[in-house]
Amino acid sequence: QKEVEQNSGPLSVPEGAIASLNCTYSDRGSQSFFWYRQYSGKSPELIMSIYSNGDKEDGRFTAQLNKASQYVSLLIRDSQPSDSATYLCAVILSSNTGKLIFGQGTTLQVKP
Amino acid sequence: EPEVTQTPSHQVTQMGQEVILRCVPISNHLYFYWYRQILGQKVEFLVSFYNNEISEKSEIFDDQFSVERPDGSNFTLKIRSTKLEDSAMYFCASRGGLEQFFGPGTRLTVL
């Protein structure tokens, strides 16, 4: 069983729409969850972190966490062409070294 | 805004040669990491480093790999004898709290 799973996409949405990105994880003891954005050929850029069940909003981004379902999601409101990138879900498992386990990433395409 | 820096941005080497990838973590961070990403694949953890020692390493991080913090600012990854399959992007990351921040990466090409 993969530790962190994402649909690789591509997910295509029109400009101005809401993009919904999903991620599931296998380790029930996981406590810390992150969304990174990665443009082609570039490094991962942290956009959201979430540690408690519920929603966390930052500008156009909302992260949602449901530990019972082992599910974390990212909503991007008013999507812009510049949001077109690969979005990586990353999880710190139960270990205390802080290593991140990444999903494969979901490619988002925002069409003008 | 503080950021992680890495040099070189691109390294080309012959199979069997040694390479050293360099990173300068964010200055007040205490935890350091190396990850790699083979083209088209996911980002993979290599090693974590804290208090001047390795705290965890992955199966990928075999005897050909080593890390060092030679002074108060640099954090290096050495590959002793490169293989073709070592060709990848190598990312350094550091953290103070729980959030990790990544450097721009070094693209390693092994010929």
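Please refer to the structure higher up on the page.
Residues numbered from 1 in each chain as written. Chains lettered and ligands numbered in written order. Predicted model: local features only at pLDDT ≥ 70, side-chain atom pairs only at ≥ 80, totals over all residues. Heavy atoms only, no water.

Its place among the elements puts Met89(B) in strand β9 (residues 88–95). Between the alpha carbons of Met89(B) and Phe102(B) there is a distance of 12 Å; along the sequence they are 13 residues apart. Setting aside residues no more than four positions away along its own chain, Met89(B) makes contact with Gly41(A), Tyr35(B), Arg36(B), Gln37(B), Pro104(B), Gly105(B), Thr106(B) and Arg107(B). (Helix = DSSP H or I, 4+ residues; strand = E, 2+ residues; numbered from the N terminus. Contact = heavy atoms within 4.5 Å.)

Further remarks concern the interface of chain A and chain B. Taken together, the contacts link 22 residues of chain A with 22 residues of chain B. A buried area of about 1,700 Å², summed over both sides, lies between chain A and chain B, and 54% of it is on carbon and sulfur atoms. Of all residues in chain A, Thr97(A), Lys99(A) and Phe102(A) bury the most surface against chain B, accounting for 29% of the area lost on that side. For the interface between chain A and chain B, the tally reads one salt bridge. For the pair chain A and chain B, the interface holds ten residue pairs in polar contact (both at pLDDT 80 or more). Those elements that place two or more of their residues in the side of chain A that touches chain B are β4 (32–38), β5 (45–50), β9 (85–92) and β10 (100–102) of chain A. With four residues, the top contributor of residues to the side of chain A that touches chain B is β4(A). Residue composition of the side of chain A that touches chain B, grouped by class: nine nonpolar, eleven polar and two charged. (Buried area = accessible area lost by both parts, 1.4 Å probe. Salt bridge = Lys/Arg side-chain N within 4 Å of Asp/Glu carboxyl O. Polar contact = N/O pair within 3.5 Å; in protein donor to acceptor, adjacent residues only side chain to side chain. Nonpolar A, V, L, I, M, F, W, Y, C, P; charged D, E, K, R; others polar.)

Each neighbour pair has its own omega, and for Gly9(A) with Pro10(A) the value is 10°, a cis peptide bond. Tracing the backbone through its elements, the reader meets Pro10(A) in the loop between β1 (4–5) and β2 (11–14). Following Thr7(B), the chain continues into Pro8(B) via a peptide bond in cis, with omega recorded as -10°. The residue Pro8(B) is located in the loop between β1 (5–7) and β2 (10–13) in this model. The phi dihedral of Asp78(A) falls on the positive side, at around 50°, and the residue is not glycine. Its identity is not glycine, yet Asn52(B) carries a phi of approximately 65°, on the positive side. Among the secondary structure elements, Asn52(B) is positioned in the loop between β5 (44–50) and β6 (53–57).

Among the nonpolar cores identified, the biggest contains 25 residues, and Trp35(A), Val72(A), Leu74(A), Ile76(A) and Tyr87(A) are the most heavily contacted of them. Taken together, the elements giving at least two residues each to this core come down to β3 (19–25), β4, β5, β7 (61–66), β8 (71–76), β9 and β11 (106–111) of chain A. Counting 22 residues, the second-largest nonpolar core is a separate cluster that includes Leu46(B), Phe75(B), Leu77(B) and Ala88(B). (Core = buried A, V, L, I, M, F, W, Y, C linked by side-chain atoms within 4.5 Å. Buried < 20%, exposed > 50% of the residue type's maximum accessible area, 1.4 Å probe, protein only.)

Considering all chains together, one arrives at two disulfides over all chains under this definition. Between Cys23(A) and Cys89(A) runs a disulfide, and the two sulfur atoms are separated by 2.1 Å. On the S-S bond that ties Cys23(A) to Cys89(A), the torsion sits near -70°, and the link is left-handed. With a gap of 66 residues between them, Cys23(A) in strand β3 and Cys89(A) in strand β9 connect regions that are remote in the sequence. When sorted by exposure, Cys23(A) lands in the same class as Cys89(A), which is buried. In this model Cys23(B) forms its disulfide with Cys92(B); the gap between the sulfur atoms is 2.0 Å. With the S-S bond torsion at -60°, the cross-link from Cys23(B) to Cys92(B) turns out left-handed. Placement of the pair is Cys23(B) in strand β3 (residues 19–24) and Cys92(B) in strand β9, with a sequence separation of 69 residues. Overall, the relative accessible area of 1% leaves Cys23(B) in the buried class. (Disulfide = S-S within 2.5 Å.)

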